[in-house]
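Take a look at the letters that make up each chain.
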Amino acid sequence: MKCAIILAGGKGTRMKTDSPKVMCEVLFKPMLGYVVDTVKEAGVEKICVITGYKNEIVEDYLKDLDENIECALQKPQLGTGHAVMQADKFISEHLDDEILILCGDGPLMDADTVNKAYDYHMSNKNAITLISAVVDDTNGIGHIKRDENGVLLRIVEHKDATDEEKKIRESNSGCYWFNGRDLQYALSKITNLNAQKEFYLTDSLEILIKAGKNAGAYTAENSEVILAANDRRQLNILNTVMRKNINERLMIDGVDIPCTDGVIIGNNVKIGSSTVIMPNTIILGDTVIGENCVIGPNTYIDSSSVGDNVILDNCKILDSTVEDEVDAGPFVKVRANSTLKKGVHIGNFVEVKNSVVGEGSKSAHLTYIGDSDVGKNVNFGCGTVTCNYDGKYKSRCTIGDGAFIGCNTNLIAPVNVGEEAYIAAGSTITDNIPEKSLSIARARQVIKEGWVDVKKPYKEKK
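What counts, and at which threshold
- Residues numbered from 1 in each chain as written.
- Predicted model: local features only at pLDDT ≥ 70, side-chain atom pairs only at ≥ 80, totals over all residues.
- Heavy atoms only, no water.
- Helix = DSSP H or I, 4+ residues; strand = E, 2+ residues; numbered from the N terminus.
- Rg over C-alpha atoms; globule rule 2.2 N^0.38 Å.
- Buried < 20%, exposed > 50% of the residue type's maximum accessible area, 1.4 Å probe, protein only.
- Contact = heavy atoms within 4.5 Å.
- Areas by Shrake-Rupley, 256 points an atom, 1.4 Å probe, with all protein chains shown as cover.
- Patch = residues over 30% accessible without salt bridge, like charges linked within 9 Å, V, L, I, M, F, W, Y side chains within 5 Å.
- Salt bridge = Lys/Arg side-chain N within 4 Å of Asp/Glu carboxyl O.
- Disulfide = S-S within 2.5 Å.
- Axes fitted to C-alpha atoms, helices over the stretch in contact; angles between N-to-C directions.
- Parallel < 35°, antiparallel > 145°, perpendicular 65-115°, else oblique.
- Left-handed = near helix turned anticlockwise from the far one by under 90°.
- Nonpolar A, V, L, I, M, F, W, Y, C, P; charged D, E, K, R; others polar.

A. Quick look at the overall build of the chain. The helix and strand inventory of the chain stands at nine helices and 38 strands. The C-alpha atoms of the chain give a radius of gyration of 30 Å, which is well past the 23 Å a tight globule of 462 residues would have. Across the 462 residues of the chain, 48% fall into the buried class. The contacts of the chain with a sequence gap of at least 6 include a subset with a gap of at least 24, amounting to 41%. Within the structure as shown, the chain displays about 22700 Å² of accessible surface, and the carbon and sulfur contribution to it stands at 47%.

Okay, here's the thing in structure tokens:
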């Protein structure tokens, strides 16, 4: 069985945040979330996360991800070896299994690298296999020390390294595969005899080599996987690298991103071929977008479904469904589990909330459709509002197929508008309207000649 221990106890002082370091976000998602995703994708069945600073924040987040993830508290934080020691119960339950250890602030580590390292680990019958990479900047990263024949000797932490050792470009990722029993043995031998007086997990390599155990290093094909973040500058680098990688992957798959300026697309987003993503567009969550769409510019989509041949220009789409051939924008907001059916047109400054808008219906501008069920081919005049909230309760409006709603109409929910009903402009509708009826709900125009001279409502002009 594959098991995993994720180290997530750090405070992240240099991040200058009140939250745990692993909760700092890359592309609007905590770094820890990417690590958990990688572990699961790699086929790991049991996970233990080591928490520390403000552990309740991390533990609450993990409960939302997977209630089966175990947690162990590290308090105080005395190094990576000390952190793993807090999982002694978890390790004892998996002595005959292979245990993956990795850092919660390494969101670029991927399942492919993890599994290739596992295959290397198992084929060589290693007690420990670390994942390394050759990098240009090793500052702050452990250095892999080998003898003249390339045999592993030990890992030297950068802060404890000599000037000569700091020149070594092969660096430790902080990700390891251990045999459960060998991990338990190594932890029992780790000491804190170093400059920081901490218990380093890296010492386990030298301990197991001295015990006659097999040890190895799998060198990652992509050196980016070992990148982590200790401050906001490095966090920006992670954002840049991940954004670039996702955009390039999508372009290879046929998505057109003519200018990547401001384009941020989440790792779980799926986009069909020949769809164009315009500048300043952000797409997040488990969003799925079909083929031949134009998304953007200046569009934000989160956890939504978008069909084929859709145009979204300057739109905000949240937790909603947009079916084929919808044309929306500019300055449109669709939210709260709404659905725009096939061929809907939503124009500038229109908001749709918790509503279904039927096929072919149109709302060209300046309209609010909230808590409503709208039929097919309905026309909303400019300035229409569904008045769905009375200060205490929210109620729904139902609008039948083919209804025509004149400009500046207020629909006081709950109210039903029948099929092909017609509402005169400027009406406030409080009662149900039968199908194919005309409803006029406004006072007659009254003219009082000479009223201004008598009442003098205007200020005196100087």
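After that view of the structure, there is still more to cover.
B. Examining unusual backbone geometry more closely. Residue Pro 76 is bonded to the preceding Lys 75 through a cis peptide linkage, with omega at 0 degrees. Along the chain, Pro 76 turns up in the loop between β5 (70-73) and α3 (80-85). The linkage connecting Gly 296 with the following residue, Pro 297, adopts the cis geometry, with an omega of 5 degrees. Summarising the element assignment, Pro 297 is placed in the loop between β17 (294-295) and β18 (300-302).

C. Spotlight on the environment of Glu 224. Among the secondary structure elements, Glu 224 is positioned in the loop between β11 (215-219) and α8 (232-252). When the C-alpha positions of Glu 224 and Met 109 are compared, they lie 7.9 Å apart, and in sequence the two are 115 residues distant. Apart from residues no more than four positions distant in its own chain, Glu 224 is found in contact with Leu 108, Val 241, Lys 244 and Asn 245.

D. View of a nonpolar patch on the surface. Taken together, Phe 404, Tyr 422, Leu 438 and Ile 440 make up a surface patch of nonpolar side chains, about 400 Å² in accessible area. Note that Tyr 422 resides in strand β36 (residues 422-423).

E. Spotlight on the state of the cysteines. Under the criterion given, the structure shown has zero disulfides. In this structure Cys 24 is not part of a disulfide, and its nearest cysteine sulfur, from Cys 103, lies 15 Å away. When its relative accessible area of 5% is taken as the criterion, Cys 24 is described as buried.

F. Layout of the packing of helix α1 (residues 31-41) against helix α2 (residues 55-65). Closest axis-to-axis distance for the α1/α2 pair is 11 Å, and the angle between their directions is 40 degrees. The orientation of α1 relative to α2 falls into the category oblique. The way α1 lies across α2 gives a crossing that is right-handed. Of the residues in α2, those touching α1 at Leu 32, Gly 33, Val 36 and Lys 40 are Val 58, Tyr 61, Leu 62 and Leu 65. Residues belonging to the contact of α1 with α2 are distributed by class as follows: six nonpolar, one polar and one charged.

G. Spatial organisation of the pattern of salt bridges. Within this structure, the stated rule accounts for 16 salt bridges. The salt bridge partner of Glu 93 is Lys 89, with a shortest N-O separation of 2.8 Å. Residue Lys 89 is classed as exposed on the basis of its relative accessible area of 57%. The partner of Glu 206 in a salt bridge is Lys 210, and the shortest N-O contact between them spans 3.7 Å. Taken together, the residues span about one helical turn, with Glu 206 and Lys 210 both in helix α7 (residues 203-210) at a distance of four residues. Glu 206 gets classed as partly exposed once you look at its relative accessible area, which sits at 29%. Residue class for Lys 210 comes out exposed when judged on its relative accessible area of 68%. In the salt-bridge network here, residues are joined through shared partners; they are Asp 112, Lys 116 and Glu 221.

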